[in-house]
Amino acid sequence: MTVRVGVIGAGWIGHEHIRRLTHQVTGARVTAVTDIDAARAEEAAASVGARVLPDGAAVVAADDVDAVLVTSWGPTHAEHVLNAIAAGKPVFCEKPLATTAEDCLRILEAETAHGRRLVQVGFMRRYDAGYRQMKQVIDSGRIGEPLIVHCAHRNPTVPESYTSAMAALDTAVHEVDVLRWLLDDEIVSAQVVTPRSTSKRFEHLKDPQIMLFETAKGVRIDLEVFVNCQYGYDIQCEAVGEEGLVRLPDPAAVGVRTAARHSTEVLTDWVGRFAEAFDTEFREWIAGVAAGEEPTGPSAWDGYAATVITAATVEALETGRVVGTDLKPRPTLYGGTA
Ligand code: NAD
Ligand code: ISE
């Protein structure tokens, strides 16, 4: 079966995913595209022979759309995801699931009422080969119980529109998700420490930031978010356990020796760093949809948890306090008891 996908939002990542679904994933075809910017929708649709529809509701309702991909701006995600659940169609939503806890809870309620999972959230790091190897090592018990995790998330630069809160909401959100998954543990509090800011930033921005998280089992996580580091896109993660440690590998790169120097290249953006992870993420999602199975990737519950935890991190930044995350009880649909 070919899964016919309708895309809502044909911006930067929408384009990437349309290209991916068309050229990197078998068993999928993009049949409909919408964007509030009509020219963008036209261009994206024309590139793959899809039709343009007037809005997200029309994409969800279309007879030639089996599954929905939401790649519009974050504040619009909840509306499209709720429409897809109401239509009983599988929906892949780029992060964030929604920008408020209340909207996430509406989605959890709607999916729970539907009775089976339809929603997957685009936290692609769970599909990165290096993180998957780290998870195997942690789950095998080889390093003993995890105690501390050291992480860094560095972007070379960000535009002026990027705010201090986005360090948590837009950037650290990836670590929040992947660490909850790696450790099979919940983040219960957040704290933010701000060192001296780099001079290579827009004046309004606090950069870098050091985020400190604690999990329910007492694991401590330190995360450096530095979005104007200049030198490249660099993701680091090291989990220290009772009997050893496991470290995320750097992407494979040849070593070059010349002029009395040995160097390896550092990537410059997330598109290249996680290209294979995005491909795997969509191959697995499409295969599951084609087989009529519930998605196995990050769930609406994971999307809710990420939104609550990153909101607590912003509060911690703004108040200087340690802020609890205060999640609601996890419904049974997502492996909980509520
Ligand atoms: P973008 O601004 O380039 O594209 C968003 C597009 O959505 C725009 O073309 C805009 O016109 C359109 N749009 C907005 N509201 C709409 C609506 N209601 N209906 C139809 N179209 C609408 O932004 P982007 O960088 O592509 O980011 C899009 C989403 O993807 C964001 O939620 C962002 O957080 C997420 N994202 C995820 C990753 C990742 O690593 N997983 C990376 C980048 C962006
Ligand atoms: C962006 O939205 C992403 O999702 C990238 O993965 C992240 O590295 C970047 O900091 C965000 O702005």
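Everything below is about the structure shown above.
Residues numbered from 1 in each chain as written. Chains lettered and ligands numbered in written order. Predicted model: local features only at pLDDT ≥ 70, side-chain atom pairs only at ≥ 80, totals over all residues. Heavy atoms only, no water.

Asks: Help me understand the site of ligand 2, please; the structure alone is not making it clear to me.
Replies: The immediate surroundings of ligand 2 are formed by Lys95, His153, Asn155, Asp170, Thr171, His174, Tyr233 and Trp270. One nitrogen or oxygen atom from the side chain of His153 is found 2.7 Å from an oxygen atom belonging to ligand 2. Between ligand 2 and Asp170, the relevant distance is 2.7 Å, taken from an oxygen atom to a side-chain nitrogen or oxygen of the residue. Computed on the free molecule, ligand 2 has an accessible area of 300 Å², of which 86% lies beneath the protein chains in the complex. If one sorts the elements of the shell around ligand 2 by residue count, helix α7 (residues 166-183) sits on top with three residues. Looking at side-chain class alone, the shell around ligand 2 contains two nonpolar, four polar and two charged residues. (Near = heavy atom within 4 Å. Polar contact = N/O pair within 3.5 Å; in protein donor to acceptor, adjacent residues only side chain to side chain. Areas by Shrake-Rupley, 256 points an atom, 1.4 Å probe, with all protein chains shown as cover. Helix = DSSP H or I, 4+ residues; strand = E, 2+ residues; numbered from the N terminus. Nonpolar A, V, L, I, M, F, W, Y, C, P; charged D, E, K, R; others polar.)

Asks: Is there a simple way to think about the pairing of strand β2 (residues 28-34) in this case?
Replies: The side chains of a regular strand alternate between the sheet's two faces. Judged by how many residues are buried, β2 sits mostly within the fold: six of seven residues are covered. For strand β1 (residues 3-8) and β2, the ladder comprises six bridges, and the chain directions are parallel. The residue of β2 that forms the bridge with Val3 is Ala28. A crossover links β1 with its parallel partner β2, the connecting element being helix α1 (residues 12-23), and its sense is right-handed. In terms of strand pairing, β2 meets strand β3 (residues 51-52) through two bridges, oriented parallel. The residue of β3 that forms the bridge with Val33 is Val52. (Buried < 20%, exposed > 50% of the residue type's maximum accessible area, 1.4 Å probe, protein only. Pairing = 2+ DSSP bridges. Right-handed = clockwise from strand over helix to strand, strands pointing away.)

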